[in-house]
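# Notes for the structure review
Here's the letter readout for the chains.
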Amino acid sequence: MGFLGFSWCSAIAVLGLLLNAVVFCNGGTTSAFVRPVEKTVDMPLESDVFLAPHGYNAPQQVHITQGDHVGKAVIVSWVTMEEAGSSTVLYWSENSKNKNKAKGTVGRYKFYSYTSGHIHHCTIKNLEFDTKYYYEVGIGHTARTFWFTTPPEVGPDVPYTFGLIGDLGQSYDSNKTLTHYESNPTKGKTVLFVGDLSYADTYPNHDNERWDTWGRFVERSTAYQPWIWTAGNHEIDFAPDLGETKPFKPFTHRYHVPYKASNSVAPFWYSIKRASAYIIVLSSYSAYGKYTPQYQWLLAELLKVNRSETPWLIVLLHAPWYNSYNYHYMEGETMRVMFEPWFVQHKVDVVFAGHVHAYERSERVSNIAYNVVNGICSPVKDQSAPVYITIGDGGNLEGLATNMTEPQPKYSAFREASFGHAIFDIKNRTHAYYSWHRNQDGNAVEADSLWFFNRIWHQVDDSTSTH
Ligand SMILES: *[C@@H]1O[C@H](CO)[C@@H](O)[C@H](O)[C@H]1NC(C)=O
Ligand SMILES: *[C@@H]1O[C@H](CO)[C@@H](O)[C@H](O)[C@H]1NC(C)=O
Ligand SMILES: *[C@@H]1O[C@H](CO)[C@@H](O)[C@H](O)[C@H]1NC(C)=O
Ligand SMILES: *[C@@H]1O[C@H](CO)[C@@H](O)[C@H](O)[C@H]1NC(C)=O
Ligand SMILES: [Fe+2]
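Cut-offs and rules
- The residue numbering used here restarts from 1 in each chain and proceeds along that chain's sequence as written.
- All chains are assigned letters beginning with A, and all ligands numbers beginning with 1, in the order in which they are written.
- Selection of residues for local features in this predicted model requires a pLDDT of at least 70, selection of side-chain atom pairs for listing and counting requires 80 or more, and totals for whole chains, interfaces and linings are taken over all residues.
- Computation of side-chain values: all heavy atoms of the structure, hydrogens and water removed.
- Centres within 6.5 Å make a pair out of two Phe, Tyr or Trp rings, where for Trp the six-membered ring is used; the pair is then stacked when the planes are under 30 degrees apart, edge-to-face when over 60, and tilted otherwise.
- Helix and strand definitions here come from DSSP, where helices need a minimum of 4 consecutive H or I residues and strands a minimum of 2 consecutive E residues; each element is numbered from the N-terminal end.
- Only protein chains enter the accessibility calculation, which uses a 1.4 Å probe. A residue is then buried if its area is under 20% of the maximum for its type, exposed if over 50%, and partly exposed in between.
- Over a ring means this: the NZ of a Lys or the CZ of an Arg is within 6 Å of the ring centre and within 35 degrees of the ring normal.
- Distances decide who is a donor: an N, O or S atom must be within 2.8 Å of the metal, or within 3.2 Å for Na, K and Ca. Water is not included, so sites may look incomplete.
- Any site counts as irregular unless it has four donors with all angles between 85 and 135 degrees, making it tetrahedral, or four or six donors with opposite ones more than 155 degrees apart and the rest between 65 and 115, making it square planar or octahedral.
- By this definition, two strands are paired if DSSP reports at least two bridges between them.
- For a crossover, the right-handed case is the one in which the path from the first strand over the helix to the second runs clockwise, viewed with the strands pointing away from the viewer.
- The contact rule is simple, with two residues in contact once any of their heavy atoms fall within 4.5 Å.
- Like charges are joined within 9 Å and nonpolar side chains (Val, Leu, Ile, Met, Phe, Trp, Tyr) within 5 Å, but only among residues with over 30% relative accessible area and no salt bridge; these make up the patches.
- Only the protein chains shown count as cover for residues, with accessible areas throughout obtained via the Shrake-Rupley method and a probe of 1.4 Å.
- Salt bridge criterion: a side-chain nitrogen from Lys or Arg within 4 Å of a carboxyl oxygen from Asp or Glu.

## Description of the packing of aromatic side chains
- What the rule picks out here adds up to 37 aromatic pairs.
- When the ring of Trp214 is compared with that of Trp229, the centres are 6.0 Å apart and the planes differ by 65°; the resulting orientation is edge-to-face. Separated by 15 residues along the polypeptide, Trp214 in helix α3 (residues 209–222) and Trp229 in strand β14 (residues 227–229) bring together distant segments of the chain. Of the two residues, Trp214 and Trp229, both sit in the buried class.
- Each ring, one from Tyr322 and one from Tyr411, has its centre 5.1 Å from the other, and the planes form 65°; the classification is edge-to-face. With Tyr322 in the loop between β17 (312–316) and α6 (333–345) and Tyr411 in the loop between β22 (387–391) and β23 (412–416), the pair connects residues that are 89 residues apart, well separated along the chain. Each member of the pair, Tyr322 as well as Tyr411, is classed as buried.
- When the ring centre of Trp147 is taken as reference, the NZ or CZ atom of Lys132 above it lies at 4.3 Å.
- Arg429 extends its terminal NZ or CZ atom over the ring of Trp457, reaching a point 4.6 Å from the ring centre.

Here it is, written out as structure tokens:
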């Protein structure tokens, strides 16, 4: 915990918590932590984190993600600059000298006056669960070796630790967020990334060079652990003035996801199982109205989730549904109206979003009673509803969202405008420990934390405030 409320109301609430008394007040806690206002600046092109690896046609921007529905496959992606070279990945498990080979594909794309390097994608299949593998790319020119560990077999009590990062960009603050995540003693094994990767589109002509620098910057993490990708608005790269009218062109060329494994028809919405979690990725920037592919897919998808197999149901999307900052206010509203009843019905445990460059955690609330004529339009406490967490505070050049709606709405449990990351640490089918870490703090500090009780196996009120 370790947060301080600034209002009397919050102070009394904190006291009330300690005394286990019942206190009534408006909203939750607005953190008293005030971040020194500094400009958020992108790291210049010559920065250490952007350096290309040495050697002719050396693979760069190496990143991995889950490659199937259950975690026995990995998609390995990288870029070569001088020529296409080999798309083969050599891989071997820690305890074996026997090298296996998987053949990938290579392609490039143009965006206005920019032509990309040779982008390789290779899916390695039939891996053993819970095993460390080494892999080598750049065969025939400059080979580079990395490693990853596959997740344990899917099962209800399998512990697993996810990291959460959103809206990262490539500023000095982004670098601090990534460093802080990497040094967190509760080691995240997979990053759930809630969208807005490089912010290349904020540069003149959407300078795609900044997609390359971003790929090199995050390689120190993305080459060693899977990042699960969600599409944000900065992935759209829709620029008719530049003759670029195909949305998501750079993103889809560079970042592959295993969407076909969950019967999705587009890489913007899909699902994976990993350990004891079922993770559904949605797209705030693809159609989700009734009859659309995403709507139909989600309707069928939620019925497939077997909580006896994967107790934890986690949703990732970009534009938050519950957001009390004066930024992107109500941008998530139309999607909430479409899907919130399903989330309550299926008892989703938690929804992570980005987009707003700050941190916020909601109470378990729903707002599904409204039918245009009945006037019932305020969020209410609902123990079948997910907790909504905005974690768009990765540190991109657009800076922090500091302007909040006042008073703090009742549904908002905790909010603070600081850069940081979070950890969702699943212990078993009933308990998961969640913590948010602001960049200014040492690793031991948890600026916000919560024991999550699973909505199917332990549906007990897990909120941190009295009510
Ligand atoms: C980024 O962070 C890493 C790890 O802390 C550090 O070595 C590097 O110098 C930083 N680079 C910049 C440009 O801040
Ligand atoms: C759900 O998962 C459990 C545990 O793996 C399994 O025993 C059961 O058959 C599954 N139910 C369905 C409907 O597939
Ligand atoms: C905060 O946002 C509100 C609503 O958009 C606006 O009226 C107000 O001027 C903003 N305050 C500051 C300090 O920017
Ligand atoms: C699940 O994990 C929690 C937290 O570590 C622990 O208190 C609880 O006893 C565990 N449940 C079982 C059945 O082991
Ligand atoms: Fe965004």
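## Some thoughts on the environment of Ser47
- Note that Ser47 resides in the loop between β1 (29–30) and β2 (60–66).
- Separated by 320 residues in the primary sequence, Ser47 and Asn367 have C-alpha atoms spaced 47 Å apart.

## Focus on the coordination of the iron ion (ligand 5)
- Protein ligation of the iron ion (ligand 5) involves Asp196 (OD), Asn233 (OD1), His318 (NE2) and His355 (ND1), the donor distances falling in the range 2.1 to 2.3 Å.
- One can describe the donor arrangement at the iron ion (ligand 5) as irregular, given that its four donor atoms subtend angles of 87 to 172° at the metal.
- Read N to C, the donor residues that coordinate the iron ion (ligand 5) are spaced as D-x36-N-x84-H-x36-H. With Asn233 in the loop between β14 and α4 (249–254) and His355 in the loop between β18 (350–353) and β19 (359–362), this residue pair connects regions lying 122 residues apart in the sequence.

## Quick notes on the pairing of β22
- Along β22, five of the five residues are buried, which leaves the element largely enclosed by surrounding structure.
- Where burial is concerned, the two faces of β22 agree: the one with Val387, Ile389 and Ile391 and the one with Tyr388 and Thr390 are both buried.
- Bridge count between β18 and β22: four bridges; the pairing is parallel. Paired with Val351 across the two strands is Tyr388, which belongs to β22.
- Sheet analysis places β19 next to β22, joined by three bridges and oriented antiparallel. Among the inter-strand pairings, Glu360 is bridged to a residue of β22, identified as Thr390.

## Observations regarding the pairing of strand β13 (residues 190–193)
- Burial along β13 is two-sided: Thr190 and Leu192 and Val191 and Phe193, pointing in opposite directions, are all buried.
- Handedness of the strand β12 (residues 160–165)-helix α2 (residues 172–183)-β13 crossover: right-handed.
- Here β13 pairs with β14 via three bridges, running parallel. The residue of β14 that forms the bridge with Leu192 is Ile228.
- A crossover links β13 with its parallel partner β14, the connecting element being α3, and its sense is right-handed.

## Quick notes on the environment of Gly395
- With respect to the secondary-structure elements, Gly395 resides in the loop between β22 and β23.
- Sequence separation of Gly395 and Ser418 is 23 residues, and the distance between their C-alpha atoms is 8.7 Å.
- If we ignore the near neighbours within four places in the chain, the residues touching Gly395 are Thr40, Asp167, Leu168, Ser171, Asp173, Ser174 and Phe419.

## Concerning a nonpolar patch on the surface
- Nonpolar side chains collect at one region of the surface, where Tyr370, Val372 and Val373 lie side by side and expose about 360 Å² of accessible area between them.
- Relative to the elements of secondary structure, Val373 occurs in the loop between β20 (365–366) and β21 (380–381).
- The class of Val373 is exposed, set by a relative accessible area of 74%.

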